[in-house]
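A look at the structure
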Amino acid sequence: MAARRTPSQTVGPFFHEALRWKDGGNVTFAEAGRRIVLAGRVIDGAGEPVADAMIETWQLSPLGKTHAPAAGNERPHGFGRVETGEDGSFRIETSMPGGEAPCLEVALFARGLLKALRTRVYFAAEERARADPVLHAMAGSPRVRTLVAQPAGDDRYRWDVRLQGEGETVFFAV
Amino acid sequence: MNDMTRPDADDPPYLHPGYASTLARSPREPLLRIPAGTLDVPGPTVPQGFVRSGDNDLTIHGSSAPLGEKMVLTGRLLDAEGRPIRRSLIEIWQANAAGRYAHPGDRHEAPLDPNFTGMGRTFTDDEGRYRFVTVKPGAYPWKNHRFAWRPQHIHFSLLGNAPVQRLVTQMYFPGDPLLAIDPIWNSVPDEAARKRMVCGLALETGIEEVALGYVFDIVLGGARATPLGI
């Protein structure tokens, strides 16, 4: 029997202790892979840092697979959860996802967000991201570049999230 | 063109001016409609050992019982087809009975309770059921507008089975007069949808002479990813 969904509400400002997972920003996998670091900031429409956001990531394994369950009391493979600092910054260490257009699925929660924002960050050239069928409806838009992490040397990538205004990140309707 | 920032009337829009924090944090560009099913794929599987015995009882972690009205909160986690979401992680957090969070950012001068941190975790069982033991949270003032008070509520985080099912919400209590003035509650446009965030009083699900019983069922979007036959 069909059921009607429970509405979303904001995560509010007091989630940190309850939702903080030990080493949540160090994403684990069953397979070996190239380790990378994704760092950036979350900025609001006034240019201010969003100091009370939480970012979750989900991705394919380094071999492009979905994940087998982790054992024991570990965190789930392939899943990251980090909070932003006072300057809106976040940092996630993970393995390069497999697949033709490697990317992380991102869900962003914060005070002032009544519903999570959903987006993606690609570790691929902008042209490759544009060819991804998920972005088909806006493949010709300059805004696609808001979804592409910029290489910052030594397996490091930079990706800022702008919630509103100039350079606003592309968010998905889910 | 439809209002792409409000893809579903069951959810609040991103911009709800009555809730001041949405003003600078809500996107203004149209949302990108991605192919159906993109996020209706298997999500994280949290190992059962992640939750420890006692994590679903918020009243047993101090040197004595916390202050407040003890309550048992039970319910079911379901998908959009009404099927149980099994062995799925639920995380909750809440203010204490005086309306104060055990969080460094909470400046409300109501007292902390040394016997209550207000955080819990559990997994749903094979029928999608969950159970928490806690105390009823207090209302508290906030700075959104003059004489702004949040109604009593418990925050819920649900992982579901698929990324499309990921939900953070708040559970409210029946008959709370503060609901009418709460912009977060009122951000959901549809009245029937708002009422789905209110638990029900169900005395016999409590503990006789010990704890009130409340029931709160939660329905997540997406159904394709619900595993069958497990």
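Residues numbered from 1 in each chain as written. Chains lettered and ligands numbered in written order. Predicted model: local features only at pLDDT ≥ 70, side-chain atom pairs only at ≥ 80, totals over all residues.

Some details on the overall build of chain A
- In terms of helices and strands, chain A carries 2 helices and 10 strands.
- Taken from N to C terminus, the helices and strands of chain A fall in the order α-β-β-β-β-β-β-α-β-β-β-β.
- Oriented by its inertia axes, the alpha-carbon framework of chain A measures out at about 45 × 45 × 40 Å.
- Classification of the 174 residues of chain A by burial places 48% in the buried group.
- Here the contacts in chain A between residues at least 6 apart in sequence split such that 71% fall between residues at least 24 apart. (Helix = DSSP H or I, 4+ residues; strand = E, 2+ residues; numbered from the N terminus. Buried ≥ 20, exposed ≤ 12 C-beta atoms within 10 Å, placed from the backbone. Contact = placed C-beta atoms within 7 Å.)

Observations concerning the overall build of chain B
- The helix and strand tally for chain B stands at 1 helix and 12 strands.
- Traced from its N-terminal end to its C-terminal end, chain B shows the element sequence β-β-β-β-β-β-β-β-β-α-β-β-β.
- Radius of gyration (C-alpha) of chain B: 18 Å, near the 17 Å computed for a compact globule of 230 residues.
- In terms of principal-axis extent, the alpha carbons of chain B reach across some 55 × 50 × 30 Å. (Rg over C-alpha atoms; globule rule 2.2 N^0.38 Å.)

Looking at the interface of chain A and chain B
- Residue-level contacts link 58 residues of chain A with 61 residues of chain B.
- Secondary structure elements with two or more residues in the side of chain A that touches chain B: helix H1 (16-19), strand E5 (103-110) and strand E10 (172-173) of chain A.
- Taken together, the residues of the side of chain A that touches chain B break down into 35 nonpolar, 14 polar and 9 charged.
- Summarising the sheet, E10 of chain A and strand E1 (residues 32-33) of chain B pair through 2 bridges and their orientation is parallel. When the bridges of E1 of chain B are listed, Phe-172 of chain A appears paired with Leu-32 of chain B. (Nonpolar A, V, L, I, M, F, W, Y, C, P; charged D, E, K, R; others polar. Pairing = 2+ DSSP bridges.)

Quick look at unusual backbone geometry
- Phi angles above zero are rare outside glycine, and Asp-154 of chain A is one such case at about 50 degrees.
- In this structure, Asp-154 of chain A sits in the loop between strand E7 (150-151) and strand E8 (156-158).

Concerning the sheet that holds strand E8 (residues 153-158) of chain B
Residue and element names in this part refer to chain B.
- Pairing in this open sheet of 4 strands is antiparallel, and the strands run E4-E3-E8-E9 from one edge to the other. The sheet is open, and its two edges are formed by strand E4 (119-123) and strand E9 (167-172), each paired on a single side. With direction set aside, neighbouring strand axes in the sheet form an average angle of 20 degrees.
- By the bridge criterion, 6 bridges tie E8 to E9 in an arrangement that is antiparallel. Pairing of Phe-156 across the sheet is with Thr-169, part of E9. (Axes fitted to C-alpha atoms, helices over the stretch in contact; angles between N-to-C directions.)

Focus on the nonpolar core
- Among the nonpolar cores identified, the biggest contains 94 residues, and Ala-53, Leu-108, Phe-109, Val-121, Tyr-122 and Ala-149 of chain A together with Leu-158 of chain B are the most heavily contacted of them.
- No other element matches the 7 residues that E5 of chain A contributes to this core.
- Not counting chain neighbours up to four residues away, the residues in contact with Ala-149 of chain A comprise Leu-38, Val-121, Tyr-122, Phe-123, Tyr-157, Arg-158 and Trp-159 of chain A. (Core = buried A, V, L, I, M, F, W, Y, C linked by C-beta atoms within 7 Å.)

What about the confidence of the model for chain B?
- In this model, chain B carries a mean pLDDT of 93, and residues with pLDDT of at least 70 account for 93%.
- Every residue in residues 1-7 of chain B scores below 50 in pLDDT, and together they form 11 contacts with partners more than four places removed in sequence or on other chains. (pLDDT = per-residue confidence, 0-100.)

Observations concerning the environment of Arg-25 of chain B
- Its place among the elements puts Arg-25 of chain B in the segment before E1.
- When the 26 C-beta atoms within 10 Å are taken as the criterion, Arg-25 of chain B is described as buried.
- Expressed as a C-alpha distance, the spacing of Arg-25 of chain B and Tyr-14 of chain B, which sit 11 residues apart in the sequence, is 8.1 Å.
- Other than its neighbours up to four places away in sequence, Arg-25 of chain B contacts Asp-44, Gly-45, Val-50, Ala-110, Gly-112, Leu-113, Leu-163 and Gln-164 of chain A.

A few points about the pairing of strand E2 (residues 70-78) of chain B
All names here are of chain B.
- In terms of strand pairing, E2 meets strand E5 (residues 129-135) through 7 bridges, oriented antiparallel. When the bridges of E5 are listed, Leu-73 appears paired with Phe-132.
- Pairing of E2 with strand E11 (residues 212-215), which is carried by 4 bridges, proceeds in the parallel orientation. Residue pairing across strands places Thr-74 opposite Val-215, the latter belonging to E11.
- Relative to strand E12 (residues 218-219), E2 runs parallel, the two sharing 2 bridges. Bridging across to E12, Leu-77 finds its partner in Ile-218.

Notes on the environment of Ile-34 of chain B
- Within the secondary structure, Ile-34 of chain B sits in the loop between E1 and E2.
- Exposure remark for Ile-34 of chain B: the 20 C-beta atoms within 10 Å place this residue in the buried category.
- Ile-34 of chain B sits 170 residues away from Glu-204 of chain B along the chain, and the two C-alpha atoms are 45 Å apart.
- Beyond its immediate sequence surroundings of up to four residues, Ile-34 of chain B is in contact with Val-134 and Phe-172 of chain A.

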